Amino acid sequence: MSDPKPNELIEKIDYNPPQKGWMDVPVKIRKGMYCYASNPKSVEYVHLPHARPWNPLEEDWKLPDNWKEIVHNAFRERLDKFRSFKVFMDICVRCGACADKCHFFIGTGDPKNMPVLRAELLRSVYRNDFTAAGKILGKVAGARELTLDVLKEWWYYFFQCTECRRCSVFCPYGIDTAEITIMAREIFNLLGLNIDWIATPIANCYRTGNHLGIQPHAFKEMIEFFVDDIEEKTGVKVEPSFNKKGADILFVTPSGDVFADPGTYTAMGYLMLFHYLKEQGLNVTWSTYASEGGNFGFFTSHEMMKRLNAKMYAEAKRLGVKWILGGECGHMWRVINQYMDTMNGPADFLEEPVSPITGTKFTNAKSTKMVHLSEFTADLIYHNKLKLDKSRNDSLIVTYHDSCNPARGMGLFDEPRYVINSVCNHFHDMPRNTIREQTFCCGSGSGLNAGEDTELRLCGGLPRANAVKHVHEKFGVNMLATICAIDRAALPPLMNYWVPGVGVTGLTEMVANALIMPGEAERTTNLRGEPLSGMEE
Amino acid sequence: MNVKYMFSLVAVILLFLLAYVGVEAAGLQVLFGIVIPYAALIVFIIGVINRVIGWARSPVPFRIPSTCGQQRSLPWIKASELDNPFTTPGVVARMFLEILFFRSLFRNTKSKLGQGPKIYFSLEMWLWLGALAFHWSFLTVIVRHLRLFTEPVPFWIGLLEKADGFFQVGVPGIFLSGVVLLAAVFYLFLRRVIIPQVNYVSLSQDFFPLFLIFGIAFTGILMRHFAKIDVIGAKQLAMGLVTFHPTIPQGIGGIFYVHIFFVSVLLAYFPFSKLMHMGGIFMSPTRNLSCNTRAVRHINPWNYPVETHTYEEYEEEFREKMIEAGLPVEKE
């Protein structure tokens with residue numbers, strides 16, 4: 001199936017809800033809008049229940065016989081374990097403030113993509129099963145029974161939420177749809193109903209240490225390939241170390257960065273930055289075991305998140321490092337910032353992070369002991385520890401996409417902007433309603449960046465792309481900088497589709513291009529092999 | 001015709017008739033003036049406590065505030081203590097603004113898809129204004145009513161009344177709060193009917209409290225300005241209730257009983273409905289927690305050990321390949 005043209009997609013958007021009430025509109029699982037079912041082998045590998053081949057388009061999902069009981073009990077268990085879930089089930093007043101805050105609603109017009117209605121899909125069953133009013137008054141009280149169609153509707157729409165939390169910013173009670181989606185997906189996983197774009201990366205990550213299933217020797221080879229590439233472009237041979245005991249710092253980044261363009265240029269950037277700082281006392285190691293910063297377990301269940309995340313501290317302990325430095329990744333940083341220490345801490349075998357170059361104590365990370373590369377780099381630049389030639393990035397007119405999770409699950413806004421402004425001369429932010437805490441998702445987060453749901457991703461990415469288009473037309477922006485590996489994978493096709501002529505880059509790629517390496521040959525091209533400005537032939 | 005609001009409207013009309021006929025025709029003053037108000041209050045108090053305890057019983061396993069401003073990181077980067085509070089005073093300030101001024105709702109925008117395509121965002125203040133007007137005027141009305149439950153009446157209630165009746169229109173003077181409350185309820189109703197998306201997500205339980213509160217305000221204004229009931233009798237009844245010496249004074253009139261019956265229904269309905277957002281807003285983990293999770297470890301009371309894939313297992317599987325690639329291993 002070929003993807004629809006942009007104007008076809010726009011024409012499809014109709015914000016007028018149907019005549020029939022939403023409970024009476026049955027779900028239609030449509031091609032292009034859903035992801036394939038989980039591969040049973042992957043589900044089995046991590047010992048999750050009810051692994052089987054199944055197909056969302058088929059009538060029979062081959063559910064366990066007692067699936068309703070499983071759902072009911074799982075629902076109750078989560079109400080008892082998570083105050084967030086319980087409060088969010090109870091207090092929504094359906095004011096509708098969240099409705100047009102969701103990128104999927106803006107991009108599809110489907111009313112069930114309004115955060116309020118997405119949550120009501122669960123809430124209706126909650127009322128039926130757990131509240132007196134719902135039990136007595138039934139549909140009048142907005143309650144409905146759990147049926148197979150309801151379950152399918154849940155599945156369809158909770159895999160049309162990227163857990164970006166934009167709605168939670170606008171909700172007067174802070175109701176967070178991500179939290180509700182997380183619970184729904186936990187329940188799906190008890191029935192073996194994951195999507196494969198999550199299930200298989202998880203199995204890979206569990207086994208090989210990274211989502212892409214890169215085995216240790218291959219991981220090293222891939223990075224050595226970057227080493228050659230860097231030497232070719234800069235004349236400097238960088239020497240990364242792997243699984244090195246006695247290093248001061250463990251570096252963990254999403255495996256997407258070593259796998260595909262343009263993330264690979266960001267990975268080269270990391271290598272160059274670390275090499276540059278070596279003489280000043282940076283002793284950093286990569287790990288093939290903890291070779292994944294991202295955590296698709298987060299899109300499966302809290303337990304799976306914990307199981308995958310455990311490797312970071314375990315490896316830090318084994319190697320005897322002092323603290324951990326984290327690369328550019330979105331949901332990875334929500335997990336590190338809001339979950340890791342709670343789940344897998346206390347990290348009392350590590351030390352409070354101190355930059356070996358500037359002596360800055362990262363007191364904000366004194367318990368988790370993990371620092372974001374943007375914090376680290378911003379500190380270096382602030383203390384004049386990097387020799388930078390901004391003009392090398394002169395061909396770029398840059399804007400910055402705040403990735404959802406570092407934005408709304410951390411508040412990392414000014415560090416990356418400081419870095420960008422230090423390494424390039426032309427930076428323009430997108431309009432205020434589309435950046436910082438109000439940033440729009442790339443449309444592919446939370447495990448939805450598969451190929452088969454391209455239409456969904458293009459719809460969901462429309463608000464983001466549209467804001468880029470605005471600065472593209474106004475300031476001639478031609479490069480979208482970001483600090484998320486999923487962004488680096490998802491945004492290039494999105495830009496190609498909605499705003500041709502805008503590329504995508506990681507932050508550290510731009511830093512590395514501007515970085516004047518000691519002993520470098522004359523730099524004529526950037527890391528992508530494109531001529532630097534003034535060097536065109 | 002929208003069945004969702006018709007159901008609630010009919011329910012409120014029936015409640016009106018029930019109380020009015022009950023008092024005027026059946027002489028059930030004791031039931032509507034004493035028994036039901038007491039019962040409703042008990043249901044309200046026990047119900048609300050129950051609900052809040054129910055929430056409190058579920059732990060907060062993870063610290064998941066929505067960070068809506070710059071984090072505290074490097075000393076030279078200005079952190080937003082209000083939108084990304086690192087400390088407890090910051091959280092208190094954030095909650096204060098949320099609860100009293102609906103700060104998150106203040107952010108509200110409206111998006112529009114225009115030609116191009118181009119998505120436009122505009123500030124949308126009406127919901128915020130309507131909500132503020134509604135809640136603050138309702139609070140003012142409730143506080144004003146304390147005049148009926150206190151003897152002597154505290155001076156500050158007199159002050160509030162003076163401020164509320166500032167415009168000195170009519171005799172007795174119109175209270176601004178009553179008019180604003182009616183108007184705000186009407187606005188909140190209208191937007192539920194008119195805005196297609198809001199209408200689509202609305203349930204009958206979203207209309208019911210609106211009609212009920214409209215009924216309360218309406219009967220109140222009716223009594224003060226049109227039906228002109230015996231205020232001294234009303235105060236006698238109210239004082240009887242709060243001093244636990246309930247009495248039924250003669251000749252207060254059916255509308256008064258409808259008024260307190262509506263209030264009773266609202267009280268009894270409260271704990272079982274979305275009106276509990278009044279309590280829930282204090283408990284929302286995306287707002288009421290400090291954002292210092294990397295500096296201070298948050299404890300999950302039910303944190304349990306999980307199955308992981310250890311380094312040893314990993315090396316066991318890949319040892320040969322690792323050695324061949326020159327990667328260090330634990331066991332040669």
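A. Representation of the overall build of chain A within the structure. Within chain A, the regular secondary structure consists of 23 helices and 7 strands. Projected onto its principal axes, the C-alpha positions of chain A cover 75 × 50 × 40 Å. Counting all 537 residues of chain A, 63% fall into the buried class. Long-range pairs, those at least 24 residues apart, make up 76% of the contacts in chain A with a sequence separation of at least 6.

B. Quick peek at the interface of chain A and chain B. With 93 residues of chain A in contact, the opposing surface of chain B contributes 81 residues. The leading source of residues in the side of chain A that touches chain B is helix α15 (residues 302-319) of chain A, at 7 residues.

C. A look at the domain arrangement of chain A. All names here are of chain A. Partitioning chain A into structural domains gives domain 1 (6-30 + 49-193) and domain 2 (202-514). Here the C-alpha centre of domain 2 lies 31 Å away from the C-alpha centre of domain 1. Tallying the contact residues gives 18 residues for domain 1 and 23 residues for domain 2. When contributions to the side of domain 1 that touches domain 2 are tallied by element, the ones reaching two or more residues are α1 (6-12), α5 (103-108), α9 (166-170) and α10 (177-190).

D. Seen up close, the sheet that holds strand β3 (residues 323-326) of chain A. Residue and element names in this part refer to chain A. Reading across from one edge, β2-β1-β3-β4 is the order of the 4 strands in this open sheet, with parallel pairing throughout. Each end of this open sheet is capped by a strand with a single partner; those strands are β2 (284-286) and β4 (370-372). Between one strand axis and the next, the sheet turns through 30° on average, direction left out of account. Pairing analysis gives 4 bridges linking strand β1 (residues 249-252) to β3, with the strands arranged parallel. Across the sheet, residue F251 finds its bridge partner in β3, namely L325. Seen against the sheet, helix α17 (residues 373-382) touches β3 and β4 and runs at an angle of roughly 70° to β4.

E. Structural context of the packing of helix α19 (residues 414-423) of chain A against helix α23 (residues 507-514) of chain A. Residue and element names in this part refer to chain A. With their axes 9 Å apart at the nearest point, α19 and α23 run at an angle of 30° to one another. Taken together, the axis directions place α19 and α23 in an arrangement best described as roughly parallel. Crossing of α19 against α23: the hand is left-handed. Facing α19, whose interface residues are P416, V419, I420 and V423, α23 presents L507, M510, V511 and A514.

F. Layout of the pairing of strand β1 (residues 109-114) of chain B. Residues and elements named next belong to chain B. Taken together, the 6 bridges between β1 and strand β2 (residues 118-123) define a ladder with antiparallel strand orientation. The residue bridging S111 from the neighbouring strand is F121, located in β2. Adjacent in sequence and paired antiparallel, β1 and β2 are bridged by 3 residues, among which G116 carries a positive phi angle near 130°.

G. Layout of the sheet that holds strand β5 (residues 398-401) of chain A. Residues and elements named next belong to chain A. Sheet architecture is open: 3 strands sit in the order β5-β6-β7, paired in parallel fashion. Unpaired on one side and paired on the other, β5 and β7 (503-506) mark the two borders of the sheet. Along the sheet, successive strands turn relative to each other by an average axial angle of 35°, direction set aside. Relative to strand β6 (residues 479-482), β5 runs parallel, the two being bridged by 4 bridges.

H. Layout of the nonpolar core. Ranked by size, the top nonpolar core spans 235 residues in total, and within it I202, L250, I324, I420, V468 and M495 of chain A carry the most contacts. Ranked by residues supplied to this core, first place goes to helix α9 (residues 204-226) of chain B with 11 residues. Each of domain 1 (6-30 + 49-193) and domain 2 (202-514) of chain A accounts for three or more of the residues forming this core. For V468 of chain A, the contacting residues outside a window of four places in its chain are T399, M430, V477, L480, M495, V499 and V502 of chain A.

Quick notes on the rules
- Residues numbered from 1 in each chain as written.
- Chains lettered and ligands numbered in written order.
- Predicted model: local features only at pLDDT ≥ 70, side-chain atom pairs only at ≥ 80, totals over all residues.
- Helix = DSSP H or I, 4+ residues; strand = E, 2+ residues; numbered from the N terminus.
- Buried ≥ 20, exposed ≤ 12 C-beta atoms within 10 Å, placed from the backbone.
- Contact = placed C-beta atoms within 7 Å.
- Domains from an automatic or database assignment.
- Pairing = 2+ DSSP bridges.
- Axes fitted to C-alpha atoms, helices over the stretch in contact; angles between N-to-C directions.
- Parallel < 35°, antiparallel > 145°, perpendicular 65-115°, else oblique.
- Left-handed = near helix turned anticlockwise from the far one by under 90°.
- Core = buried A, V, L, I, M, F, W, Y, C linked by C-beta atoms within 7 Å.

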